Amino acid sequence: MPVPVMLSVEAKTKELEEHNNINLVNLEAWSPTGLFFGLFLLIPILFVTLPLVYRIIMRINREPLLTIALIVLSAAFFLQAKEVARKKKQAYHAKINAISIQQIVLKNAFPALSFTMPIEFVGARDGSNRNFVVAQRGKIYVFINKPDVKESKVFLDIESKVTAGGERGLLGLALHPNFKKNGYFYLNYTRNNSGLETVISRFTTSKVNSDMADAESEEILLTFKQPYGNHNGGKVAFGNDGFLYIGVGDGGSGGDPQKNGQNRTKLLGKILRIDVDKKSGALNYAIPSDNPYKGNTQGFREEIFAYGIRNPWRFSFDKKTNELWVGDVGQNKIEEIDIVTKGGNYGWNTMEAEDCYGSANCESGNMILPVWSYRQGSQTGNSVTGGHVYRGKTITKLKGKYIYGDYVTGNIWALTLSAGGKYSNELLIKHKGMISSFGEDANDELYICSYGDGKIYKFE
Ligand SMILES: [Ca+2]
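To start, this report covers the structure provided alongside it. Since the model is a prediction, treat every value here as computed from it, not as a measurement.

1. Some remarks on the overall build of the protein
When helices and strands are tallied, the protein shows 5 helices and 26 strands. Of all 460 residues assigned to the protein, the portion counted as buried reaches 39%. Put simply, 55% of the contacts in the protein that link residues at least 6 apart link residues at least 24 apart.

This is the structure in structure tokens:
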């Protein structure tokens with residue numbers, strides 16, 4: 001069961017007042033009916049009581065019961081008015097709590113902007129308050145992180161280099177941890193070079209215009225062939241160890257016919273980790289000294305950080321714990337979420353999530369099961385889009401939860417780690433549109449790229 005998190009009433013009151021066009025101060029007022037009769041009855045009371053007081057004084061009071069009755073009746077109406085007001089206020093507060101618990105909304109974050117096939121949203125963490133959006137065909141756009149921003153600029157256009165369509169294209173962008181000073185950023189894209197291949201490249205921001213990349217600055221770090229058009233992974237991101245992590249699919253087709261996932265002599269079907277700040281021998285990068293196969297004699301690729309991955313469609317690091325969360329797209333049955341650790345084997349294609357793949361039994365001894373999975377279906381989904389552990393400040397409810405979704409159904413869920421070490425899952429939103437990616441701005445606030453309508457939505 002999900003762990004309910006209560007928001008304070010105060011936190012949402014203002015927003016909800018605006019949303020419902022209602023003012024809580026008005027609810028403090030008494031009900032009009034009660035007030036009317038209360039005041040109306042004051043008049044005869046005054047007429048009766050003033051002479052009465054006079055008569056009491058004169059010790060000839062002949063209507064004491066009538067006076068008392070009128071006073072009691074008047075008081076009753078006042079109390080009724082107050083009680084109605086109290087109940088109304090109570091009901092409204094209950095409504096606020098109900099909304100606060102259940103309603104996380106997705107808001108069109110930049111109404112004036114839309115993009116063709118956006119698949120990556122990255123906040124520039126360089127103090128410039130800018131965001132980047134990657135469009136699959138090969139463009140990167142940049143714009144100020146304000147809801148009323150009027151336009152975006154083309155930061156880089158490499159459409160002529162990129163082979164796009166389906167699961168191919170410009171698929172990932174990572175800013176160097178020292179981007180503010182060196183202007184370096186890293187791309188993951190597919191191109192045709194006597195057959196399809198993945199390219200991991202470094203580009204540099206223009207020295208004279210920080211809103212424009214130097215298109216001639218490309219330095220290719222790594223390329224590898226893609227035997228089929230699909231399952232190209234595509235995410236690149238820096239861990240807090242300063243190394244670049246690269247999500248690589250199993251090469252494609254269906255069922256991993258080349259058995260790349262379990263083959264550690266291949267880069268396909270892996271999470272890779274490289275050091276982009278050094279070069280080593282013929283490599284345009286270096287192998288981190290504690291990569292699991294560094295210096296191995298079995299012919300395993302030293303770039304491998306973890307293996308047994310089918311198609312990692314988006315991964316991210318939890319900024320608090322540095323855990324690496326991966327959404328791994330399933331074959332025919334199960335979509336999975338993994339917390340990936342160094343040297344881990346995540347099963348594919350021996351296993352599809354927690355099931356043996358293609359047989360009833362399998363050798364699964366060293367394989368790490370997902371922390372969460374869901375069966376494919378029209379109500380759940382058919383292609384996971386990995387998200388982020390929310391570490392932003394504005395949405396109390398989401399703090400510390402892993403927010404992820406399904407590309408096909410638009411479902412967005414939150415995974416919560418409970419006290420017993422188990423994860424629980426709750427449906428947050430059904431977005432009407434395909435979710436190609438989750439992203440964060442420089443304040444760690446969370447967004448999605450909505451592939452179909454080309455919009456960027458923000459969680460609020
Ligand atoms: Ca797996």
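2. Some thoughts on unusual backbone geometry
Negative phi values dominate among residues other than glycine, just as trans dominates among peptide bonds. Omega for the bond connecting Trp348 with Asn349 falls within 30 degrees of zero, at 0°, which places this linkage in the cis form. Along the chain, the position of Asn349 falls in the loop between strand 16 (334-340) and strand 17 (351-352).

3. Quick look at the environment of Pro312
Its place among the elements puts Pro312 in strand 14 (residues 312-317). Overall, Pro312 belongs to the buried group, with 29 C-beta atoms counted inside 10 Å. Put simply, Pro312 and Gly247 are 65 residues apart on the chain and 5.7 Å apart in space, counted from C-alpha to C-alpha. Once residues lying within four places of it in the same chain are set aside, the contact partners of Pro312 are Gly233, Lys235, Gly247, Gly249, Ile271, Val326, Gly327 and Asp328.

4. Some points on the sheet that holds strand 11 (residues 244-248)
Strand order in the open sheet formed by 4 strands is 10-11-12-13, and the pairing between neighbours is antiparallel. Only two strands of the sheet have a single neighbouring strand rather than two, namely strand 10 (236-238) and strand 13 (304-307). Between one strand axis and the next, the sheet turns by 20° as a mean value, whatever way the strands run. Where strand 11 and strand 12 (residues 270-274) come together, 5 bridges link them in antiparallel fashion. Of the residues in strand 12, the one forming a bridge with Leu244 is Ile274.

5. Digging into the nonpolar core
Among soluble globular proteins, nonpolar side chains are generally buried collectively. Membership of the largest hydrophobic core comes to 91 residues, with the highest contact counts inside it found for Phe132, Tyr141, Leu244, Leu272 and Ile403. It is strand 6 (residues 170-175) that provides the largest number of residues to this core, a total of 5 residues. Setting aside residues up to four positions removed in sequence, Tyr141 forms contacts with Phe115, Phe132, Val133, Ala135, Ser152, Lys153, Val154 and Phe155.

Rules of the game
- Residues numbered from 1 in each chain as written.
- Predicted model: local features only at pLDDT ≥ 70, side-chain atom pairs only at ≥ 80, totals over all residues.
- Helix = DSSP H or I, 4+ residues; strand = E, 2+ residues; numbered from the N terminus.
- Buried ≥ 20, exposed ≤ 12 C-beta atoms within 10 Å, placed from the backbone.
- Contact = placed C-beta atoms within 7 Å.
- Pairing = 2+ DSSP bridges.
- Axes fitted to C-alpha atoms, helices over the stretch in contact; angles between N-to-C directions.
- Core = buried A, V, L, I, M, F, W, Y, C linked by C-beta atoms within 7 Å.

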